[in-house]
Amino acid sequence: MTNDLASRASEFGLTPNEYALLVEGVGRTPTLLEIAVTGALWSEHCGYKNSRPLLRTLPSEGPQVLQGPGENAGVVDIGHGLGLAFKMESHNHPSAVEPVQGAATGVGGILRDIFAMGARPIAVLDALRFGPLHHPRTRFLLPGVVDGIAGYGNAVGVPTVGGDLQFHDAYLENPLVNVMALGVMPVERLQSGTVGDVGNELLYVGSPTGRDGLGGAVFASADLSTASSEDRPAVQVGDPFLEKLVLEATLELIERDLVDGVQDMGAAGLTSSVAEMAYRAGRGVHLDVARVPRRESGMTPIEIMLSESQERMMFSVHPSQRDAVLEVLARYELEAAWVGQVIEGDRFQIYEGETLHADLPVALVNEAPTYTREGIESPAIRTARETAQPLPPLGDPVTALTTLLAAPGIASTRAIWERYDHDVRTDTVVAPGAADAAVLRIKGTPLGVAATVDQNPRYCRLDPFEGARLAVAEAARNLSCVGATPLGVTDNLNFGNPERLEVYYEMQQAVAGLREACLALDTPITGGNVSLYNEWRDGDATIAIPPTPTVGMVGKLEDVRRHATLGLKGAGDQLLLLGWTRDELSGSAYAAHLHGNETGTPPRCDLDLEARVQRATRELIADGLVETAHDCSDGGLAITLAEMTLPHGVGLAANVAAGAEEGCSLEGMLFGESAGRIVIAVPARHEATVAARLDASDVPWHVLGRSGGSDLVLRWNDARIRIPVETLRTAHEGTLPEVLA
Amino acid sequence: MLACAETKAEGDSATNMPIAIVRFPGSNCDQDAEWAFRDVLGVDVTLVPHASHELGPVDAVVLPGGFSYGDYLRSGALAARSPIMQAVTAFANRGGPVLGICNGFQVLTEARLLPGALARNDHLHFTCKDVHVRVETDAAPYFTRTYRSDVLTLPVAHHDGRFDADDETIARLEGEGRVALRYVRSDGLPDPSANPNGSRNDIAGILNETGNVLGMMPHPERAADDLLGSEDGLKILGSLVDTLAGAAAGASA
């Protein structure tokens, strides 16, 4: 019997050693339900067993942090008595199997994390990673993921305001769907996912429990090649209408102070919500699965406990508030059931009626064993980085520019964001495509909040440490380009199988890079998500995704009317480059898209220069001196300048050699991706003031040229190119619509 | 044409009564409409739940956008059968002004307060973007009385926005001047590229026979603040508010 159970433990994701730990922890042979519950809680998805030691090294503190890691979402103070809740989460594996529902339920889950904190969701952003755009697999996945996000977010009525779309061969079978949500709340409504005091009752609210999503947490923690087809029912189906009702009811319960604790039922459903709430309170729980609403008959306690049916919440309610809570839920026509009580002691007890099926120490199941390894860099990656393959000659710069402007990852994403309702709630001040970050106002205050998601797969593949630093730097730069001061980060750490030492190495390096950059730019990480085992088999080869530490960053504007967008507003503005252009083409979009070359060292990230350039940009915007700014990232300065002409059809003439270091190649001037660069447009009347301010703040700056005309004119030394803005527009807008038709 | 004072059937106050915004389960533009009327235009607003059988004393009714009941059946079909819709129908039949925006327009057609139907967009996808609409009539005293031939920039955000009806109905709508809004280019001229959903005759909004019920797919409440890019929606919402204020002043004189 014991041996039989030990072998069954592996079905629930427990290794033999972990099973032994469980036996030791309970002091007897565990029941099958205990094994199932522990397996779910000790999965990577819930227990972070491979990542927790690394995550502990990340900075999470700062005067602005109201809630750091460990709750449903992080919260930062934005003044005026308000908190900004934000969090990012992945739905990678479900989206690989069923893109529409996989992505849709990803939106649903992250929204519940936000309103469980007491915050009203105000925006969604998505970071999506796919294989080559024109591969049939991508043409199946991408439209499905977009439809899933649109279908859910649009119906709930939360605008999807921004995102980041990147392509790389290694995402082909294992796309990434990382979704970030933001919410705003009065600070005093900040909630905790706790059971509260002994005697409180646990109230289950929302969708009845079915067999859908069974074992999803375990599924998400296994690699796709072995798990996907058999686990098809592990993908859940979303109901945004129900979510909307649950959202409104939850916020009303919190606003009227009728509940002591709130938790969304996400990964591992009832199991993790109840276990985590008990752990945070340091209490025991008595749960009766017989009282859990079900949509199917004959469900076993294990199925009920592990189901990941969507749109479910758990509340802890003081007995005196029972009737008031039920009245609210009835008004929203929501199903609810009293499923347990908070008890003295430290036991997580699961009953079915009178029968006790599990009796586990709360701390044991919440403190998954952790694994640390010493990673080893992949020799192939090291060789690719240390042996940069030379690039062929540039050829025609006009062709190179228009090709790059149409390249997946740079081309306009209009075809995607026009499917998202980005205006609902009437707070979207800067809509998708108009600037480097989204900006939302907070009605009733002068405030704005800004948000962005960033990461470059090529940089991270070649050098995960530098790639992670660059992701943080770019996110902060994007916020600075709309005039927002960065406040905090939510990270989504997507990697392959951490048991492989070369993947673990990537995790170690990426986390170290995040740590350094977040400390330097004063953006504590208030929470996030880890998604491992993102790999697939291609014949005999195992392909891991590029290390993908997605950075979601939020910031604030004291006066939302003082913000910047990327489009040139009219003729006659002086164009300045802040920062330096170095001959950095390794890992660039130019090298990848025009020459299929992904070798060498990615651009260096000078965090001190970044901080100075970004602060100067923010201050110029906040003081009303500048309302046009755009950073240099994928595709370099030439792409930045081209993109600035598009929104309002205003051309420009610029000397791309300005600000280029001695000996920089023409390709480097045009398409090099040196970090820490921002282009601003300065109205003529402010030129002298801006120049003096930049000198005083020790920011390198260079005059590129001026806005005007209907062409993009780039010159260097004694040569120049001229491209009509409408030609650029055709290139930029032409790529994605066909795939999304 | 109906005299405006007659709409004050449920009250006798000379001052304005609130504008009712009906909240169906799944409405998600109710707060946006509330903000536009109350915070921008400064009029009283009351949110009326779908389960209510009465509107109470109100001057006008707004059916907001969203996904009522998830729109899992035909868009607006379930909401049209909510208890409150009997009261809305009675209010409209007495000549009271009713504005349906997006999902509200779909509800009005499902409730047969307006003819035709809103079918799936011809490209089959949800679409959210700014469009241009031309005001086509001055026969709607509550909504567009002084703005005929204006071209307004308004956002659309819908999956089922393609207005369709049988030929006879279309001919009647056109012949009676009941096409209130039409999708056009920014210069006011019709063009297939200006129509975001394949609506027949580029129809973006229509009136009932008596001109007091307007259904429109674009969102005027989303174009009520230049910080968000356009104030053109205020021409429609403000027209309603001005008319009601004029009626109140007339009644008290």
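All residue numbers refer to positions counted from 1 along the written sequence of the respective chain. Each chain is given a letter, starting from A, and each ligand a number, starting from 1, according to the order in which they appear as written. Only residues with pLDDT of 70 or above have their local features reported here, since the model is predicted, and side-chain atom pairs are shown and tallied only from 80 upward, although totals for entire chains, interfaces and linings are computed over all residues.

Caption draft 1: Spatial organisation of the overall build of chain A. For the purposes of this entry, the term helix denotes a DSSP run of H or I that reaches at least four residues, the term strand denotes a run of E that reaches at least two, and both are numbered from the N terminus. A tally of regular secondary structure across chain A gives 28 helices and 28 strands. Each radius of gyration is computed over the set of C-alpha atoms, and the globule rule expresses the reference value as 2.2 Å times the number of residues to the power 0.38. Relative to a compact globule of 741 residues, whose C-alpha radius of gyration would be 27 Å, chain A shows 26 Å and is just as compact. With respect to the three principal axes, the spread of C-alpha positions in chain A is 90 × 60 × 45 Å. Placing a C-beta atom from the backbone of each residue, one calls two residues in contact when those atoms lie within 7 Å. Contacts in chain A between residues at least 24 apart in sequence constitute 84% of all its contacts with a sequence separation of at least 6.

Caption draft 2: Layout of the nonpolar core. The term nonpolar core means buried Ala, Val, Leu, Ile, Met, Phe, Trp, Tyr and Cys residues held together as one set by C-beta atoms within 7 Å. Burial is judged by counting other C-beta atoms within 10 Å of a residue's own C-beta: 20 or more means buried, 12 or fewer means exposed, and anything between counts as partly exposed, with every C-beta placed from the backbone. Grouped together as the largest cluster of nonpolar side chains are 315 residues, with contacts concentrated most on Ala123, Leu404, Val439, Ala450, Ala451 and Val472 of chain A together with Val61 of chain B. When residues of this core are assigned to their parent elements, the largest contribution, 11 residues, is made by helix H20 (residues 464–482) of chain A. With residues up to four places along the chain from it excluded, the contact list for Ala451 of chain A reads Ala123, Leu125, Gly162, Met180, Leu182, Ala437, Ala438, Gly552, Met553 and Val554 of chain A.

Caption draft 3: Representation of the interface of chain A and chain B. Of the residues lining the interface, 24 residues belong to chain A; the matching set on chain B comes to 21 residues. In terms of residue class, the side of chain A that touches chain B is made up of nine nonpolar, five polar and 10 charged. Residue polarity is assigned by list, with Asp, Glu, Lys and Arg as charged and Ala, Val, Leu, Ile, Met, Phe, Trp, Tyr, Cys and Pro as nonpolar; anything else, Gly included, falls into the polar class.

Caption draft 4: Region of the structure containing helix H8 (residues 136–156) of chain A. By this rule, a helix spans an expected 1.5 Å times one less than how many residues it contains. Taking 1.5 Å of rise per residue, 21 residues should cover 30 Å, and H8 of chain A covers 31 Å from first to last C-alpha, within 8% of that figure. Phi turns positive, to about 95 degrees, at Gly157 of chain A, one or two residues after H8 of chain A.

Caption draft 5: Inspection of the sheet that holds strand S15 (residues 438–441) of chain A at higher detail. Residues and elements named next belong to chain A. On the basis of which strands lie adjacent, the open sheet formed by six strands has the order S14-S15-S16-S21-S17-S18 and mixed pairing. Each edge of the open sheet is held by one strand with a lone partner, namely strand S14 (428–430) and strand S18 (525–531). Along the sheet, successive strands turn relative to each other by an average axial angle of 25 degrees, direction set aside. Here six bridges tie strand S17 (residues 485–494) to S18, and the two strands are oriented parallel to one another. Paired with Asn494 across the strands is Ser531, a residue of S18. At least two bridges found by DSSP between two strands are what make those strands a pair. To obtain an axis, a line is fitted to C-alpha atoms, over the contacting stretch when the element is a helix, and the angle between two such axes runs from 0 to 180 degrees between their N-to-C directions.

Caption draft 6: Representation of the confidence of the model for chain B. Residues and elements named next belong to chain B. Of all residues in chain B, 92% have pLDDT values of 70 or greater, and the mean over the chain is 91. For every residue, the predictor states its confidence as a pLDDT score lying anywhere from 0 to 100. Long-range and interchain partners of residues 1–14, a stretch whose pLDDT sits below 50, account for 26 contacts in this model, where long-range means more than four residues apart. Here the complex is predicted with pTM 0.95, and the ipTM for its interfaces comes to 0.92.

Caption draft 7: View of unusual backbone geometry. Phi angles above zero are rare outside glycine, and His80 of chain A is one such case at about 60 degrees. Within the secondary structure, His80 of chain A sits in the loop between strand S2 (74–79) and strand S3 (82–90). Phi is positive for Arg112 of chain B, close to 60 degrees, though the residue is something other than glycine. Along the chain, Arg112 of chain B turns up in the loop between helix H3 (103–110) and strand S5 (117–119).

Caption draft 8: Highlighting the packing of helix H17 (residues 397–405) of chain A against helix H24 (residues 636–645) of chain A. Residue and element names in this part refer to chain A. Contact geometry of H17 with H24 gives a least axis separation of 10 Å together with a crossing angle of 70 degrees. In this view, H17 runs roughly perpendicular relative to H24, as classed from their interaxial angle. Handedness of the H17/H24 crossing: right-handed. In contact with Leu401, Leu404 and Leu405 of H17, H24 contributes Ala638, Ile639 and Ala642. Oblique is the label for every angle not falling under 35 degrees (roughly parallel), over 145 degrees (roughly antiparallel), or within 65 to 115 degrees (roughly perpendicular). Crossings are sorted by hand: turned counterclockwise from the far helix by less than a right angle, the near helix makes the crossing left-handed, and turned clockwise it makes it right-handed.

Caption draft 9: Structural detail: the pairing of strand S13 (residues 355–361) of chain A. Residues and elements named next belong to chain A. Taken together, the six bridges between strand S12 (residues 347–352) and S13 define a ladder with antiparallel strand orientation. In the strand pairing of S13, Arg347 is matched with Pro361. Counting the residues between successive antiparallel strands, the hairpin from S12 to S13 contains two residues, one of them, Gly353, with a positive phi of roughly 65 degrees.

Caption draft 10: Quick look at the sheet that holds strand S10 (residues 312–317) of chain A. All names here are of chain A. Taken in spatial order, the seven strands line up as S8-S10-S7-S11-S9-S12-S13 in an open sheet, and their pairing is mixed. Sheet topology places strand S8 (261–264) and S13 at the edges, where each strand pairs with a single neighbour. Across the sheet, the mean angle separating the axes of adjacent strands is 20 degrees when strand polarity is ignored. Direction of pairing for strand S9 (residues 284–288) relative to S12: parallel, over a ladder of four bridges. Within S12, the position partnered with Asp288 by the bridge is Tyr351. Strands S8 and S10 of the sheet are contacted by helix H7 (residues 99–116), whose axis makes an angle of about 170 degrees with S8.

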